[in-house]
Amino acid sequence: IIITGVLILKKLNIIISMIIGGVLLNSCQNYADKELSEKQIADIKTEIKETAIKHLNSENAISALSYYRKNATIISNGIQYSSFESYAEGIKNFYSTLSKINIAAYDDIYINVITDDVALFSAKFRWSSTDTHGSTIDIQGIYSALYVREDSRWKMSWRHESFVQ
């Protein structure tokens, strides 16, 4: 009886998840069906590009972290941070030893405007900095971020980067 009850609950959970997922997907689809004009799309792409470049050139942790939503998902080199707070701690430590940004650039930028409040940004990046001990860090890789407009500002809800050697 217990096994049968567990199986029924699992099936019920799947059915409820499918119903909720369908309702959410339908409401998102209805929202996404609102056509944006070419000018609106171009304006959003400009805003996203400017926001991404400002974030990449942040000179302190407070500035860098201000471009994220408080519950953002962060993935770096295939590892997902357990929480935004753990990512933020690492960023604060990094910027505490940052002396100078030598290069902060995006190449091959691609922006997909999903709605007037959601856009996907992806690009190759190059970064070089010098820390307070005079050591230089040179990295490059691929970067993707899902931007969501929050309180009239574009903020990252999800971000992934992979470094290449």
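Since this is a predicted model, take the numbers as computed values, not measurements.

K.L.:
Teacher, can you tell me more about the overall build of the chain here?
P.N.:
Across its full length, the chain holds four helices and six strands. Across the 165 residues in the chain, those meeting the buried criterion constitute 31%. Across the chain, the fraction of contacts at a sequence separation of at least 24, relative to all contacts at a separation of at least 6, is 56%. When the accessible surface of the chain is split by element, carbon and sulfur atoms take 58% of a total near 10,800 Å².

K.L.:
Just checking my understanding: could you explain the sheet that holds strand β3 (residues 98-115) for this structure?
P.N.:
By definition, the strands of a sheet pair up through backbone hydrogen bonds, in either a parallel or an antiparallel sense. Ordered by their spatial adjacency, six strands build an open sheet running β2-β1-β6-β5-β4-β3, and the pairing between neighbours is mixed. Edge strands, defined here as strands with exactly one partner in the open sheet, are β2 (79-80) and β3. Relative to strand β6 (residues 153-164), strand β1 (residues 68-76) runs parallel, the two sharing five bridges. Paired with Thr 73 across the strands is Trp 158, a residue of β6. Contacts from helix α2 (residues 38-56) reach β1, β3, β4 (118-131), β5 (136-150) and β6 within the one sheet, and its direction differs from that of β3 by about 160°. Of the strands in this sheet, β1, β3, β4, β5 and β6 touch helix α4 (residues 84-96), which is tilted by about 80° from β1.

Reading guide: rules and limits
Residues numbered from 1 in each chain as written. Predicted model: local features only at pLDDT ≥ 70, side-chain atom pairs only at ≥ 80, totals over all residues. Heavy atoms only, no water. Helix = DSSP H or I, 4+ residues; strand = E, 2+ residues; numbered from the N terminus. Buried < 20%, exposed > 50% of the residue type's maximum accessible area, 1.4 Å probe, protein only. Contact = heavy atoms within 4.5 Å. Areas by Shrake-Rupley, 256 points an atom, 1.4 Å probe, with all protein chains shown as cover. Pairing = 2+ DSSP bridges. Axes fitted to C-alpha atoms, helices over the stretch in contact; angles between N-to-C directions.

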